[in-house]
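The lines below spell out each chain.
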Amino acid sequence: MTTDPERLRRWRLVLGGDSDGTGHALSEGDTGVDNVLAALYDERPKNSRSSGDRSGGLQASAPRVARWLGDIRKYFPGSVVQVMQRDAVDRLGITRMLLEPELLSAVEPDVHLVGTLLSLTNVLPEETKETARAVVRKVVTELEERLAERTRAAVRGALDRAARAQRPRGADIDWNRTVRRNLKHYSPELKTIVPEQLFGFGRREQSVRRDVILAVDQSGSMAESVVYSGVFGAALASMRALSTKFVAFDTAVADLSDHLDDPVDLLFGTQLGGGTDINRALAYCQGLVERPEQTLLVLISDLYEGGVRDDLLRRVADLAGSGVQVVALLALADSGAPFYDHENAAALSELGVPAFACTPDLFPDLLAAALRREDLTRWAASATAQ
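Residues numbered from 1 in each chain as written. Predicted model: local features only at pLDDT ≥ 70, side-chain atom pairs only at ≥ 80, totals over all residues. Heavy atoms only, no water.

### Observations concerning the packing of aromatic side chains
- The full count for this structure, using the stated rule, is two aromatic pairs.
- Pairing F356 with W379 gives two aromatic rings, centres 6.2 Å apart and planes at 40°, and the pair type is tilted. Here F356, found in strand β10 (residues 355-358), pairs with W379, found in helix α16 (residues 376-385); they are 23 residues apart in sequence, far enough to count as distant.
- The class for F356 is buried, based on a relative accessible area of 11%.
- Taking the relative accessible area as the measure of exposure, W379 reaches 16% and is therefore buried. (Phe/Tyr/Trp six-rings, centres within 6.5 Å; stacked < 30°, edge-to-face > 60°. Helix = DSSP H or I, 4+ residues; strand = E, 2+ residues; numbered from the N terminus. Buried < 20%, exposed > 50% of the residue type's maximum accessible area, 1.4 Å probe, protein only.)

### Considering α16
- Those residues of α16 lying buried are L376, W379, A380 and A383. Along the axis of α16, the buried residues cluster in a sector spanning 100°; they form a single face. For α16, the exposed residues set more than 90 degrees away from the buried face come down to T377, R378 and A385.
- Those residues of α16 that are buried are in contact with β9 (325-332), β10 and α15 (363-371).
- Capping of α16 at its N-terminal end is provided by D375; its side-chain oxygen lies 3.0 Å from the backbone amide nitrogen of T377. (Arc of directions from axis to C-beta. Contact = heavy atoms within 4.5 Å. Polar contact = N/O pair within 3.5 Å; in protein donor to acceptor, adjacent residues only side chain to side chain.)

### So, the pattern of salt bridges
- Scanning the entire structure with this criterion turns up 12 salt bridges.
- R150 is paired through a salt bridge with D361; the nearest N and O atoms lie 3.6 Å apart. Of this pair, R150 sits in helix α8 (residues 126-162) while D361 sits in the loop between β10 and α15, and the two are 211 residues apart along the sequence.
- The class for R150 is partly exposed, based on a relative accessible area of 36%.
- Residue classification places D361 among the partly exposed residues on the basis of a relative accessible area of 33%.
- The shortest N-O distance in the salt bridge between R314 and D311 comes to 2.3 Å. (Salt bridge = Lys/Arg side-chain N within 4 Å of Asp/Glu carboxyl O.)

### What to know about the nonpolar core
- If you look at the biggest cluster of nonpolar residues, it comprises 76 residues, and the most contacted ones within it are W68 and L329.
- No other element matches α8, which puts 11 residues into this core.
- Contact partners of L329, with chain neighbours within four places excluded, come to V298, L299, I300, S301, F356, C358, F363 and L366.
- Counting residues in hydrophobic clusters, the runner-up holds 24 residues, among them F249, A281, A345 and L348. (Core = buried A, V, L, I, M, F, W, Y, C linked by side-chain atoms within 4.5 Å.)

### Quick notes on the sheet that holds β9
- Read across the sheet, six strands follow the order β7-β6-β5-β8-β9-β10 without closing on themselves; strand pairing throughout is mixed. The sheet terminates laterally at β7 (253-255) and β10, the two strands that pair on one side only. Here the strands of the sheet are splayed against their neighbours by 25° on average, with no regard to which way each runs.
- As defined by bridge partners, strand β5 (residues 210-217) adjoins strand β8 (residues 295-300) across six bridges and the pair is classed as parallel. Note that in β8 the partner of A215 across the bridge is L299.
- Relative to the sheet, α15 contacts β5, β8, β9 and β10, its axis offset from that of β9 by approximately 170°. (Pairing = 2+ DSSP bridges. Axes fitted to C-alpha atoms, helices over the stretch in contact; angles between N-to-C directions.)

### Notes on helix α13 (residues 309-321)
- The terminal C-alpha atoms of α13 lie 18 Å apart, and with 13 residues this matches the ideal 18 Å at 1.5 Å per residue to within 8%.
- Inspection of α13 places L312, L313, V316 and L319 among the buried residues, and these make up the whole buried set. When α13 is viewed along its axis, its buried side chains cluster within an angular range of 125° and face the same direction.
- Packing partners of the buried residues in α13 comprise α12 (278-288), β8, β9 and α14 (342-350).
- Note on α13: the residue one or two positions beyond its end, G323, has a positive phi of about 110°. (Expected span 1.5 Å × (residues − 1).)

### Re the environment of D277
- For D277, the position within the fold is in the loop between α11 (263-268) and α12.
- Taking C-alpha positions, D277 is 5.3 Å from G306, a pair spaced 29 residues apart along the chain.
- Setting aside its immediate chain neighbours within four residues, D277 contacts F249, D250, T251, E305 and G307.
- There is a polar contact of 3.1 Å between the side chain of D277 and the backbone nitrogen of R280.

Structure, rendered in structure tokens:
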């Protein structure tokens, strides 16, 4: 029997199961490869498996499918990924589900299913794509009903508070605040308060008051965040007081700002998968900045940089130094604590750029706090503690 370690490793991956028969134990990376292969191609019935047999199958929930789609991109080159995706479409029954209304009605579409469909959009048969689009629109509509108006209300409130004037015109006086702040100036003789200072809101201008750039990592692991980012981007783009840009990236950069009027078009414009070049994306975003002091740049990424890390950190420092308000969201998702590059997150924090995860329900409050220029590190700690 051969003793060549590489040949033993390959045979071990082909045979699956434990290292019995080859005498070769898998490394951590090879164990990941073995698991994603077993999940798709292991066809042995569950009741025939011993404790040492390979386990797998993607028949479980959509979140598991989405994670699997991200894993195969991590372990295999693009040409192999495409083959495995096509096999997944057949083996997962996604095509059959989309073609048969009675099956589709039995499935509750959610964010994870949308992420899965977006990941597979390039390999779905043509006859299923319209059904897939209908599924995505159903989920997006539900998310908009849940989140869009809350987002607009939070942003309006933040912008109005930021425009408070110390000498407001009559129609702009905030009488509740004015009375509270002038109680000490009550005149017993006049039996009224004589305000020394008026408080209120500045007139709401029709012009754009703040610029918002959403830079969204569209690598496979960020699928859920991409879906929520699209919904929030569309909500922000509907506000006259904001100029909103949406930039999706992996190793390439796609400016999808022209699609913000329809979040479904926006999402189908993304290409989930591939590597990550955050520096390249931020370089593009830097070119979009016209008013640094009025610009909020939200980077939504797990911060695993495939490019040159030092260039990324210099780029972030340049943006922050120019006056751009930069925030890094490690995830915009409901799925709990994300996997992210702790070293890069710490480096951004040292540059004054807060890096933390945020749930979709908290994102409107985060936006409001950012537009009010609050300490976002403190805000995140407070939001987490609640």
